[in-house]
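# Observations on the model geometry
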Amino acid sequence: MSKSTPHNLLSCLPFYLCSLPSFTSSFAHHKSIHSRRSSEMPGIRAPSNYSEEPSRHPSLKINAKEPFNAEPPRQALVSSYVTPTEFFYKRNHGPIPVVDDIERYHVSVNGLIEKPKELFMKDILNLPKYNVTATLQCAGNRRTAMSKTRTVRGVGWDISALGNAIWGGAKLADVLELVGIPKLTSTTPAGGKHVEFVSIDRCKEENGGPYKASIPLSQATDPEADVLLAYEMNGETLNRDHGYPLRVVVPGVIGARSVKWLDSINIDSQECQGFFMQKDYKMFPPSVNWDNINWSTRRPQMDFPVQSAICSLEDVNVGRKGKIAIKGYAVSGGGRGIERVDISIDGGKTWMEASRYQKPGLEYIADEERSDKWAWVLFEAEADVHSNAEIVAKAVDTAANVQPENVEDIWNLRGILNTSWHRVHVQVRHSSL
């Protein structure tokens, strides 16, 4: 993570220059105001159809067209430590919002606080800027492989529903200080314990309402948690697919909590009651099905577990015997580093350790200050393959968490958090005389 001095991007973006309007109300009054804002959507709007979608890179694998959900070829993920924006996976629940007037765009901060406020882009840009390198991963990453065990519901992701980017923006802890919430606060005087993020976009799961999610106030106000209101990705202004003009980035947590196209921030006494917090993205045991599910028995998923996958090889590969390069990614949630990546070429009977790296030319040591604690590591190994082989990768994080061997043991009806050993197959073609 790096910090820049407070700066002003007004020279390149025509952000709102007028003084902030006064805004005081009770929490109940806020609800009615938010309802009006949702219909007015000042400066930004959620289209009712898909006629204004942005262009995307042609090599993306489209898993769903409307709403658009796509991932890059797996080989693209190991081409660089920082994922190019055009190859960063796209996860959407409705049409992509359109900014019509950036000068009118603002975020309302309301709820169980003493000083509700409307923040324009100039207010966010005047706060210290931080760059945080963090991997975002959809909870449904590797769902397709899980569905081969038993059918699951959800977008059919391969292994590339994640990416690593340098996010630039203001820390949420600094933003909340603007409305009177000190750093390291777990409860406001009025009883607020959770920070809810509400998007501009509209999704069918919310009956046409906005996407929303929340995190604990204690996490939001902790500067070390590095939660951002981000306006940059990889050194450039956010593009529409990734949340322009402002999005939340919650490092170490499943991507579903990093809300894009931010409309409002609500301080509440309970966690968000939206669909994606209460009736999705929860981890159930294999015994639960759609007939006996009780959503209230499980907490919303937050940190993602330790994960790895091989990207230099497809699921099935045909080639000649000899040396083979095995490259991929490994990542864990909650800021836990990767202690080890193990590789097997005999289905898990014997193992060798892969090398791990983040920044080129710098040795990666988990939990060292120079390492990016919220980011993946890339790994490499080389093996001699002389006959048909099952190549396996598994990672171990700094808390000694290890990926489970079999997908059957972690199968769940929504197909989330498939962190089982990643397996690919090599079929050796022998030369004919």
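Just so it is clear, the model here is predicted, and its values are computed rather than measured.

We now examine the pattern of salt bridges. This structure, assessed with the given rule, holds 21 salt bridges. Of the charged contacts, one joins Lys129 and Glu232 as a salt bridge, the two residues approaching to 2.6 Å between their closest N and O atoms. Here Lys129, found in strand 8 (residues 129–137), pairs with Glu232, found in strand 12 (residues 228–233); they are 103 residues apart in sequence, far enough to count as distant. What makes Lys129 buried here is its relative accessible area of 10%. Two residues, Glu177 and Lys183, come together in a salt bridge whose shortest N-O distance is 2.8 Å. Lys183 gets classed as partly exposed once you look at its relative accessible area, which sits at 30%. Counted as one network, the salt bridges with shared partners bring together Arg74, Asp158, Glu314 and Asp315.

This next bit is on the pairing of strand 10 (residues 194–202). For strand 10, the buried fraction is high: nine of the nine residues fall into the buried class. Strand direction decides the pairing type here: strand 10 and strand 11 (residues 210–216), joined by six bridges, are antiparallel. Paired with Glu196 across the strands is Ser214, a residue of strand 11. Both strand 10 and strand 15 (residues 262–268) contribute to a ladder of six bridges, which runs antiparallel. Bridge pairing in strand 15 links Val198 to Ser264.

Averaged over every residue, the pLDDT of the chain is 91; residues scoring 70 or more account for 90%. Contacts from residues 5–40, a stretch scored under 50 in pLDDT, to residues over four places away or in other chains number 58 contacts.

Right, let's talk about the packing of aromatic side chains for a bit. Under the criterion given, the structure shown has ten aromatic pairs. Centre to centre, the rings of Trp290 and Trp295 are 6.2 Å apart; their planes meet at 55 degrees, and the pair counts as tilted. When its relative accessible area of 33% is taken as the criterion, Trp290 is described as partly exposed. Among the aromatic residues, those joined into a ring-pair cluster are Phe88, Tyr89, Trp157 and Trp167. It is Lys171 that lies over the ring of Tyr130; its NZ or CZ is 4.5 Å from the centre. Residue placement shows Lys394 over the ring face of Trp351; its charged tip is 4.5 Å from the ring centre.

Pairing is mixed across the open sheet formed by five strands, whose spatial order is 17-24-23-19-20. Every other strand in the sheet has two partners, leaving strand 17 (316–319) and strand 20 (352–353) as the edge strands with one partner each. Two elements, strand 19 (residues 338–344) and strand 20, share two bridges in a ladder whose sense is antiparallel. Bridge assignment links Asp342 to a residue of strand 20, and that residue is Glu353.

Turning our attention to the sheet that holds strand 7 (residues 117–120). Within the open sheet, the five strands sit side by side as 7-6-15-10-11. Their pairing is mixed. The open sheet has two edge strands with one neighbour each: strand 7 and strand 11. Between one strand axis and the next, the sheet turns through 20 degrees on average, direction left out of account.

What counts and how
Residues numbered from 1 in each chain as written. Predicted model: local features only at pLDDT ≥ 70, side-chain atom pairs only at ≥ 80, totals over all residues. Heavy atoms only, no water. Salt bridge = Lys/Arg side-chain N within 4 Å of Asp/Glu carboxyl O. Helix = DSSP H or I, 4+ residues; strand = E, 2+ residues; numbered from the N terminus. Buried < 20%, exposed > 50% of the residue type's maximum accessible area, 1.4 Å probe, protein only. Pairing = 2+ DSSP bridges. pLDDT = per-residue confidence, 0-100. Contact = heavy atoms within 4.5 Å. Phe/Tyr/Trp six-rings, centres within 6.5 Å; stacked < 30°, edge-to-face > 60°. Lys NZ or Arg CZ within 6 Å of the ring centre and 35° of its normal. Axes fitted to C-alpha atoms, helices over the stretch in contact; angles between N-to-C directions.

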